[in-house]
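# Descriptive structure summary
Here are the chains, one letter per residue:
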Amino acid sequence: MNTLFPKEKIIFNVPDAEIEYYPNFFETDRSNELFAKLKANIPWQQDHITVFGKTHPQPRLTALFGNEGKPYGYSNIIMQPHPWNPLLMFIKEEIETVCLENFTTVLLNYYRDGKDSNGWHADNERELGRNPVIASVSFGSERSFHLQHNTIKEQKLKINLEHGSLLIMKGTTQHFWKHQIPKTAKDIGSRINLTFRIIK
C-alpha cells in the first residue's frame, strides 16, 4: 500500500456508531483479479436457515476461513473454518494496515445476482466479544448496504458498496444498529463480500 497517497476515507457522522468507508481501497485492476480468483477458487456452500419454523436455502453462497479451531455460528448455522490461503492472507494483511487489528476469521458471501440478499441483522454474536471490529471488503457488482438504528427510527444510512471498497464498522455499531443487503430487481451481476472479524 502506498502511504505517500493515503486512500480516500469517508467517516459517517451517526449516533452510537463508528463507520468508515474507503471507496477505492483496492485499485480496479487488482479488484478484478481478486474477484475472479475468489469466484473460482473458494469452496462455496449453500446452507439452510430456519426462520419462523420454516427451512429455506440461504439466499447466497458462503464460506468461512480462519484460525484453526475457531468455528463461527449465526442463525443456527455452525461453520467450521477452512485454513487461510495465500489469496485471503494477502487481502487480510492489506486491510490490517488501516484497521490495526489482527483478524482471526473471514466470512465470505457470494451474491450471484440481485435476487441473493442478506436480511436485517447485527454482527453481535457472543464469540465476537464487546464492540467488535468488522471489516467488510466488496468485489464485483455494486450493492446497496442499508443500516438502521435500533431505537432511533429516523436514523438510517445507505451506502453503495463499490468494487474494491472497504467498510469498517467498530465501536458500539453492532449494539445499536442493524444492517442488510436487500434484494434488487435490477439486472446486476455477481458480488463477493468478505467480512473480517475477531473471534475471541
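What you see is a predicted model; the values in this text were computed from it and never measured.

## Here we look at the sheet that holds strand β1 (residues 10–12)
By definition, the strands of a sheet pair up through backbone hydrogen bonds, in either a parallel or an antiparallel sense. Spatial ordering of the open sheet is given by β1-β2-β13-β10-β15-β8-β5, a layout of seven strands whose pairing is antiparallel. The outermost strands of the open sheet, each flanked by one partner alone, are β1 and β5 (61–66). Neighbour to neighbour, the strand axes of the sheet diverge by 20 degrees on average, direction disregarded. In this fold helix α2 (residues 86–99) packs onto β2 (18–22), β5, β8 (105–111), β10 (134–140), β13 (165–170) and β15 (191–197), with an angle of close to 60 degrees to the strand it touches most, β15.

## Some words on the nonpolar core
One broad trend across soluble globular proteins is that nonpolar side chains are buried collectively. Ranked by internal contacts, the top residues of the largest apolar core, which has 31 residues, are Leu 38, Ile 91, Ile 95, Leu 108, Leu 194 and Phe 196. Listing elements by their share of this core, those giving two or more residues are α1 (28–41), β5, α2, β8, β10, β13 and β15. Counting residues per element, this core draws most heavily on α2, which supplies five residues. Those residues in contact with Leu 194 that sit more than four places away from it in its chain are Leu 38, Leu 88, Ile 91, Val 106, Leu 107, Leu 108, Ala 135, Ser 136, Val 137 and Phe 139. In this structure, Ala 17, Ile 49, Ile 77 and Ile 181 belong to the second largest nonpolar core, which totals 25 residues.

## Looking at the sheet that holds strand β14 (residues 177–181)
Reading across the sheet, the four strands line up as β9-β14-β11-β12 and stay open at both edges, with antiparallel pairing between neighbours. Both outer strands of the open sheet, β9 (118–121) and β12 (156–161), are each paired with one neighbouring strand and no more. Going from strand to strand, the sheet's axes swing by 15 degrees on average, the running direction of each strand aside. The sheet contact formed by strand β11 (residues 143–149) and β14 spans four bridges and is antiparallel. Paired with His 146 across the strands is Gln 180, a residue of β14.

About the criteria used
Residues numbered from 1 in each chain as written. Predicted model: local features only at pLDDT ≥ 70, side-chain atom pairs only at ≥ 80, totals over all residues. Heavy atoms only, no water. Pairing = 2+ DSSP bridges. Helix = DSSP H or I, 4+ residues; strand = E, 2+ residues; numbered from the N terminus. Axes fitted to C-alpha atoms, helices over the stretch in contact; angles between N-to-C directions. Contact = heavy atoms within 4.5 Å. Core = buried A, V, L, I, M, F, W, Y, C linked by side-chain atoms within 4.5 Å. Buried < 20%, exposed > 50% of the residue type's maximum accessible area, 1.4 Å probe, protein only.

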